[in-house]
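Remarks on the overall topology
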Amino acid sequence: NSLTGLPIGGGKGGSNFDPKGKSDREVMAFCQSFMTELCKYIGADTDVPAGDIGTGAREIGYMFGQYKRIRGVYEGVLTGKGLSYGGSLARTEATGYGLLYLTDELLKLNGIELAGKTVAVSGAGNVAIYACEKAQQLGAKVITVSDSNGYVVDEEGIDLAAVKEIKEVKRGRIKDYLNYRPNAKYVEGAGLWQAVKVDVALPCATQNELHLEDAKQLVANGCVAVCEGANMPTTLEATQYLQENGVIFAPGKAANAGGVATSALEMSQNSERLSWTFEEVDAKLKNIMVNICHNMDDAAKRYGMEGNYVAGANIAGFEKVVDAMTAQGIV
């Protein structure tokens, strides 16, 4: 959040409720119960939660409705809302699109074009789907998607419409992809990063999914960049190995900031009681991600660590917080 340049802080929280196999009614009951407690601690000018793993438009809607019932106010207390009650266009696409805007800019800084590159994406949720979509729009060829059961390899390029139908409409499993593209290959279990030869890897599933052995295989296969769409998907050992072997590595705190950046844009729209067009939001998102890319690149260079984007992101984010804290008086 510090890296985005937007006036918001950051925190993390969640629950141990597993929505798999639950009906809409059961999910709604849990969300309402959760918000009954959470509403005591949040507000449009206090803390504004956004969705994450397992929390999409459906869950945000249930929670927002419960907040409004209990508090009796209509305000931008959650982001990722539906368009009919204060949501922002492009919020759904934001994390995946933002990941690709930063990846594209980072590759350009290193004299590489994304167009024509082969890309591996893990996951099949919100981030992965829209990372695939933007990668394809930018001329790259995405050949993998996955879920917690296994992964799909489609050498002809992932059929995004099929993935959207499986995951967003039918809420099914990624192995169903073979019903749409019988020539694709489905493999049960992990191993995605060692199974395919790609130029760019975009881990968009969950934390600690890309391990040292995966990193070694990616390097051996000539992978030029790994950019994190999920939160901490690459283990520390894997990160270090990739960096030591010349792979461009963009940490999640920078690469997946598009989601929270667009949450801040949604908050701005709520405060102004208006809504921007998709193109307006998308343009602001792209500008934010390009700035993040250059800020972390500049910070790394200033401290003699050119090309180390983990250090660059840490430094750029830290400096912003330190400057703000110092200005406001340290306690």
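Residues numbered from 1 in each chain as written. Predicted model: local features only at pLDDT ≥ 70, side-chain atom pairs only at ≥ 80, totals over all residues. Heavy atoms only, no water.

So, about empty space enclosed by the protein. The full count for this structure, using the stated rule, is 1 cavity of 30 Å³ or more. In this structure, the largest cavity encloses a volume near 30 Å³. Tyr101, Asp104, Glu105, Lys108, Lys286 and Val290 together form the lining of the largest cavity. Mapped by element, the contributors of at least two residues to the lining of the largest cavity are helix 3 (94-109) and helix 11 (278-302). Among the elements that line the lining of the largest cavity, the one with the most residues is helix 3, at 4 residues. When grouped by side-chain class, the residues that make up the lining of the largest cavity number 2 nonpolar, no polar and 4 charged. (1 Å grid on protein atoms, 1.4 Å probe; cavity = no way out; pocket = protein on both sides within 12 Å on 5 of 7 lines; lining within 4 Å. Points joined across faces, edges and corners; volume = space filled by probe spheres on them. Helix = DSSP H or I, 4+ residues; strand = E, 2+ residues; numbered from the N terminus. Nonpolar A, V, L, I, M, F, W, Y, C, P; charged D, E, K, R; others polar.)

Relative to the helices and strands, Leu274 is located in the loop between helix 10 (258-272) and helix 11. Here the alpha-carbon distance between Leu274 and Ser88, two residues 186 residues apart in the chain, equals 9.7 Å.

Another point: the sheet that holds strand 7 (residues 248-250). An order of 4-3-2-1-5-6-7 is seen for the 7 strands of this open sheet, with the pairing classed as mixed. Two strands in the sheet have a free side with no partner beyond their single neighbour: strand 4 (185-188) and strand 7. Averaged over neighbouring strand pairs, the angle between their axes works out to 15° when direction is ignored. Across 4 bridges, strand 3 (residues 150-153) lies against strand 4 in antiparallel orientation. When the sheet's bridge partners are listed, Val153 is paired in strand 4 with Lys185. (Pairing = 2+ DSSP bridges. Axes fitted to C-alpha atoms, helices over the stretch in contact; angles between N-to-C directions.)

Here the focus is unusual backbone geometry. For Asn208, which is not glycine, the phi torsion reads 55° and is therefore positive. In this fold, Asn208 is placed in the loop between strand 5 (200-202) and helix 7 (212-220). Of note, the phi angle at Arg273 is positive, near 55°, even though the residue is not glycine. Of note, Arg273 is situated in the loop between helix 10 and helix 11.

We now examine the packing of helix 7 against helix 8 (residues 236-244). One can describe the packing of helix 7 onto helix 8 by two numbers: an axis separation of 8 Å at closest approach and a directional angle of 20°. Accordingly, the angle class assigned to the pair helix 7 and helix 8 is roughly parallel. In the crossing of helix 7 with helix 8, the sense of the turn from one axis to the other is right-handed. Contacts between helix 7 and helix 8 involve Leu212, Ala215, Lys216 and Val219 from the first element and Glu237, Ala238, Tyr241 and Leu242 from the second. Per-class residue counts for the contact of helix 7 with helix 8 are 6 nonpolar, no polar and 2 charged. (Parallel < 35°, antiparallel > 145°, perpendicular 65-115°, else oblique. Left-handed = near helix turned anticlockwise from the far one by under 90°. Contact = heavy atoms within 4.5 Å.)

A few words on the layout of surface pockets. Of the volumes computed, that of the second largest pocket is approximately 340 Å³. What lines the second largest pocket is a set of 20 residues, among which Gly76, Gln269, Asn270, Ser271 and Arg273 lie closest to the centre. By residue number, the principal contributor to the lining of the second largest pocket is helix 10, which donates 5 residues. Along the lines of polarity and charge, the residues of the lining of the second largest pocket split into 7 nonpolar, 8 polar and 5 charged.

Right, let's talk about the nonpolar core for a bit. In terms of nonpolar packing, the biggest core is built from 58 residues, with Leu102 and Leu202 touching the most fellow members. The residues contacting Leu102, other than those within four sequence positions of it, are Ala250, Ala254, Ala255, Met289, Ile292, Cys293 and Met296. Listed in part, the 18 residues of the second largest apolar core include Ala120, Ile143, Tyr151 and Ala238. (Core = buried A, V, L, I, M, F, W, Y, C linked by side-chain atoms within 4.5 Å. Buried < 20%, exposed > 50% of the residue type's maximum accessible area, 1.4 Å probe, protein only.)

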